[in-house]
Amino acid sequence: MTDSSEPLTAKPIARRTVLAGAAFAVPAIAITAGTPAFAASGPVLSFANSSYTGAACSTISGVQLRAMENGTPKANVAVTTTLAGSYTFSTGGTTSTGVTGTNGWLTLPDISVPSIGGNVAILAASAGASGASANLSATARNGVASLHNGAWAFIPGVPTGAKPIWNDLYLTGDNRLVTAGGSQVGTGIASAGQGYRDTSGNTTLPLVGTNGVAALLRNGAWVSVPNIPNGSTPIWNDLFLTSDNKLITAGGSVVGTGVGYAGQADRDTSGNTTLPLVGTNGVAAMLRNGAWVSIPNVPNGSKPIWNDLYLTSDNKLVTAGGSTVGTGLASAGQADRDTSGNTTLPLVGTNGVAALLRNGAWVAIPNVPNGSRPVWNDLFLTADDKLITAGGSEVGSALGSAGQADRDTSGNTSLPLVGTNGVAALLRNGAWVSLPAVPSGSKPVWNDLFLTYYGDLVTAWGSQVGTGIAFAGQADRDTSGNTTLPLVGTNGVAAMLRNGAWVSVPNIPNGSKPIWNDLYLTSDNRLITAGGSVVGAGIGSAGQGYRDASGNTTLPLVGTNGVAAMLRNGAWVSVPNIPNGSKPIWNDLYLTSDNRLITAGGSVVGTGIGSAGQGDRDASGNTTLPLVGTNGVAAMLRNGAWVSVPNIPNGSKPVWDDLFLTPDNKLITAGGSVVGTGISVAGQADRDASGNTTLPLALTGCV
């Protein structure tokens, strides 16, 4: 704690963290800061400021409070401060206790701001003293974030299905050219050529519209180019290839005829440019600083690659001068030249082995798996859709395609990407930037439903199916495929989502909790149906509901007195064989206070159990319940029989069926296969009548 005579000014300190979806966030309630929260004799506590502001995934430091008594600073006052709304102290937890100094001041530990932000209160209390409150506020990150030049830059989402073009530009499915920030810079765009940045930082991107008309995006502004014939192809900078194979500038000047293909252009640190070309007759040439250059040393039928490099028909990589720099080459990615002039071209051989051409020299890179594709600089896309560096470090997963990378005059790089799920992202200065359809801070609920920070219930595709939602219970799908999800709003009013349609349930008392299917637990501990029928009283907690292949249902319960029971097909069933104080788990299973997993009949099916995930029953009736022991070791209960799963790392959490979440946020199967990374939490899984399963997930937050 800091003892100072003057209050410190709170300031946000950025942390290098990124979130693609935070877990279990509910709408925060704004509490207006006050001075003393209640009047009493003795010391009076007050915060130095009435409010403190930070940024999502940052730290607020320098929050101070003071104890005064009769106008005099009061030392040695033990003060406990409490945070709300997912804000936490850097020392851990939501409470902190400290003692005021000789001048009455107490400086609190740094406060970590959650990714969802929010307006919440910080409360200070001390025995015999008047408490105080102040306000903490931060704007939630808008869907995505990036680490740009060491500082967080928040950017909105790019529509799913967009194509990465160049730098931070994307072409949407409805032919709009948009920035990562969501700004529209052009409409009716069909295709784009290679972007260009000169030594002064001026940029040019050649475009052709869906109507065949050419244009340029110059320094972000739209420029018409009427001298380009309709139906031309955008190439690079201000160059276009006409339908009769002429290479012309935006001004209409012809710089080459009989041109068949163009490779990747290069501009060196002195501003000299080179564009490799091959004619319709198979003869190679170059456009160097805008002038045509013949290169007779390159064999006919070669492909232009980058700068003065060509790939011959017998898979040799040769320079314009005819020197062979590599053999057995199958493909090349996008080359990069850094601000010092160092060049890197990623390559893959006909044998599937990766390599680099760095400053003209061949470099072997054994850490890249065979069969990977060269992307840009030292990046490769593996066969299982991971984006990795030549050193083998993974920088992204589930990647579908990459656009053209850009390096500005300061050396900052941007590579636009689109995932296998159609969601756009950026690799900015080597850091991954997600652009999801579901707002960050959302909680995975069930199937493809998520609950946003603002209380909207949305699908994975962003469609809103409900507003003002605070909580969701366990969904149920009957044998006919009908689905029911019980809900309670932020105003305490109950509702249901039945087969995707909103249903009001006026018979449920305000303040009830949604449990499962159409069941709710009232504030006076009655279990009632959506129709208002009471099916149980004195209920303390409910486990996971179960429906077998014949449609029979079981919901395990424990009363406020600790006594277990079940609701089977809607009828109350006593289960005297379950010890008092047990927890309802799933179907007819309970976890005793001494960590035994037992059936309603009293049979012990496992000992030393710490936690259980979501049970699953497949279309054939086979059941699986993932478990983790008190010793951190994973196991499963499959069709009622214990199954060891040695491939699961100790300390993992059971999720659903045979899935576990490891301490390093990987979602893995019992067999050890990784099915997802960067996972923070999972919602309720769903299995439809055809056996199709859906498990909503949220990604790690500020870590």
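Use the structure listed above.
The text that follows walks through the structure, step by step, so that each part is easy to find. The numbers attached to residues start from 1 for each chain and follow its sequence in the written order. This being a predicted model, a pLDDT of at least 70 is required before a residue's local features are given, and a value of 80 or more before pairs of side-chain atoms are given or counted; all residues contribute to the totals for chains, interfaces and linings. To get the side-chain values, all heavy atoms of the structure are used, and hydrogens and water are removed first.

**Observations concerning the overall build of the protein chain**
Helix and strand counts for the protein chain stand at zero helices and 86 strands. Looking at the 703 residues of the protein chain, the share that counts as buried comes to 51%. Nonlocal contacts in the protein chain, meaning residues at least 24 apart in sequence, comprise 45% of its contacts between residues at least 6 apart. For the protein chain, the accessible area works out to roughly 28700 Å², and carbon and sulfur atoms hold 48% of it. The way it works is that DSSP assigns letters per residue, a run of H or I at least four long becomes a helix, a run of E at least two long becomes a strand, and they are numbered from the N terminus. Exposure classes here rest on a 1.4 Å probe applied to the protein chains alone. A residue is buried below 20% of its type maximum, exposed above 50%, and partly exposed in between. The criterion used for residue contact is that any of the two residues' heavy atoms lie within 4.5 Å. The Shrake-Rupley method, run with a 1.4 Å probe sphere, supplies the accessible areas, and residue values consider only the shown protein chains as cover.

**Topic: the sheet that holds strand β71 (residues 589-591)**
Ordered by their spatial adjacency, four strands build an open sheet running β70-β71-β72-β73, and the pairing between neighbours is antiparallel. Either end of the sheet is taken by a strand with one partner, and the two such strands are β70 (583-586) and β73 (604-606). Each adjacent strand pair in this sheet contributes to an overall mean axis angle of 35 degrees, direction not counted. Being paired, for any two strands, means DSSP has found at least two bridges between them. Sheet analysis places β71 next to strand β72 (residues 597-599), joined by three bridges and oriented antiparallel. In the sheet register, L589 faces β72, and the bridge partner there is T599. Axis definition: a line fitted to C-alpha atoms, over the contacting stretch in the case of helices. Angles run 0 to 180 degrees between N-to-C directions.

**Comments concerning the pairing of strand β4 (residues 58-61)**
Remember that side chains alternate between the two faces of the sheet whenever the strand is regular. Because side chains alternate across β4, one face comprises the buried residues S58 and I60, and the other comprises T59 and S61, equally buried. Direction of pairing for β4 relative to strand β11 (residues 111-112): antiparallel, over a ladder of two bridges. The residue of β11 that forms the bridge with T59 is S112.

**Let's talk about unusual backbone geometry**
Across the chain, the bulk of peptide bonds are trans and the bulk of non-glycine residues have phi less than zero. Even without being a glycine, N315 presents a positive backbone phi close to 70 degrees. Looking at where N315 falls in the secondary structure, it is placed in the loop between β35 (309-311) and β36 (317-319). The phi torsion at N525 lies on the positive side, around 70 degrees, for a residue other than glycine. Residue classification places N525 among the partly exposed residues on the basis of a relative accessible area of 26%.

**Some points on the pattern of salt bridges**
One side-chain nitrogen of Lys or Arg within 4 Å of one carboxyl oxygen of Asp or Glu is enough to make a salt bridge. Across all of its chains, the model carries 11 salt bridges by this definition. In this structure, the salt-bridge partner of R176 is D174, at a minimum N-O distance of 3.1 Å. Judged by relative accessible area, R176 falls into the partly exposed class, the value being 23%. Accessibility expressed as a relative area gives 48% for D174, which makes it partly exposed.

**Quick word on the packing of aromatic side chains**
Both the distance between ring centres and the angle between the ring planes are used here to describe each pair of aromatic rings. Stacked, tilted and edge-to-face are the three classes assigned to paired rings of Phe, Tyr and Trp, where Trp is represented by its six-membered ring and a pair needs centres within 6.5 Å; plane angles under 30 degrees give stacked, over 60 edge-to-face, the rest tilted. If you walk through the whole model with that rule in mind, you get two aromatic pairs. Aromatic pair Y196 and W236: ring centres 5.1 Å apart, planes at 80 degrees, arrangement edge-to-face. Of the two residues, Y196 is situated in strand β21 (residues 196-197) and W236 in strand β25 (residues 233-236); the sequence distance between them amounts to 40 residues. What makes W236 buried here is its relative accessible area of 7%. Ring plane angle 85 degrees and centroid distance 5.2 Å describe the contact between Y546 and W586, whose orientation is recorded as edge-to-face. Within this pair, whereas Y546 is found in strand β66 (residues 546-547), its partner W586 is found in strand β70, the two being separated by 40 residues in sequence. The residues Y546 and W586 share a single accessibility class, namely buried.

**Notes on the sheet that holds strand β44 (residues 379-381)**
Spatial strand order, β43-β44-β45-β46: four strands in an open sheet with antiparallel pairing. Each end of this open sheet is capped by a strand with a single partner; those strands are β43 (373-376) and β46 (394-396). In this sheet, adjacent strand axes meet at a mean angle of 40 degrees when their direction is disregarded.

**Observations concerning the nonpolar core**
Core analysis: the biggest nonpolar cluster contains 24 residues, and F47, Y87, L108, I111, I122 and L136 have the highest contact counts within it. The greatest single-element share of this core, amounting to four residues, is contributed by strand β13 (residues 132-139). Look past the residues within four positions of I122 in its chain and what remains in contact with it is F47, T82, L83, L108, I111, A132, S133, A134 and L136. Residues grouped as a nonpolar core are buried Ala, Val, Leu, Ile, Met, Phe, Trp, Tyr and Cys residues, joined through side-chain atoms within 4.5 Å.

**As for the pairing of strand β23 (residues 214-218)**
Burial within β23 is extensive, with four of its five residues counted as buried. Where strand β22 (residues 203-209) folds back onto β23 in an antiparallel hairpin, the turn is made up of four residues, including G212, whose phi is positive at roughly 85 degrees. Pairing of β23 with strand β24 (residues 221-224), which is carried by four bridges, proceeds in the antiparallel orientation. Directly across from R218, in β24, lies its bridge partner A221. Between the antiparallel neighbours β23 and β24 lie two residues, among them N219 with a positive phi of about 55 degrees.

**Considering the environment of R547**
As for its placement among the helices and strands, R547 is situated in strand β66. R547 gets classed as buried once you look at its relative accessible area, which sits at 17%. For the pair R547 and D616, spaced 69 residues apart in sequence, the C-alpha to C-alpha distance is 9.8 Å. Those residues in contact with R547, other than ones at most four positions away along the chain, are D476, R477, D478, T479, N517, N552, T553 and R617. Within the structure, the side chain of R547 is placed 2.5 Å from the side chain of D476, a separation counted as a polar contact. Whenever a nitrogen or oxygen atom comes within 3.5 Å of another N or O atom, the pair is scored as a polar contact, on the condition that within protein one atom can donate a hydrogen and the other can accept it, and that pairs from neighbouring residues in sequence are kept only if both atoms are in side chains.

**Things to note about the side chain of T81**
Residue placement: T81 occurs in strand β7 (residues 78-82). When its relative accessible area of 0% is taken as the criterion, T81 is described as buried. With residues near it in sequence (within four places) discarded, T81 still touches L65, F89, T94, T95, S96, L108, L123 and A124.

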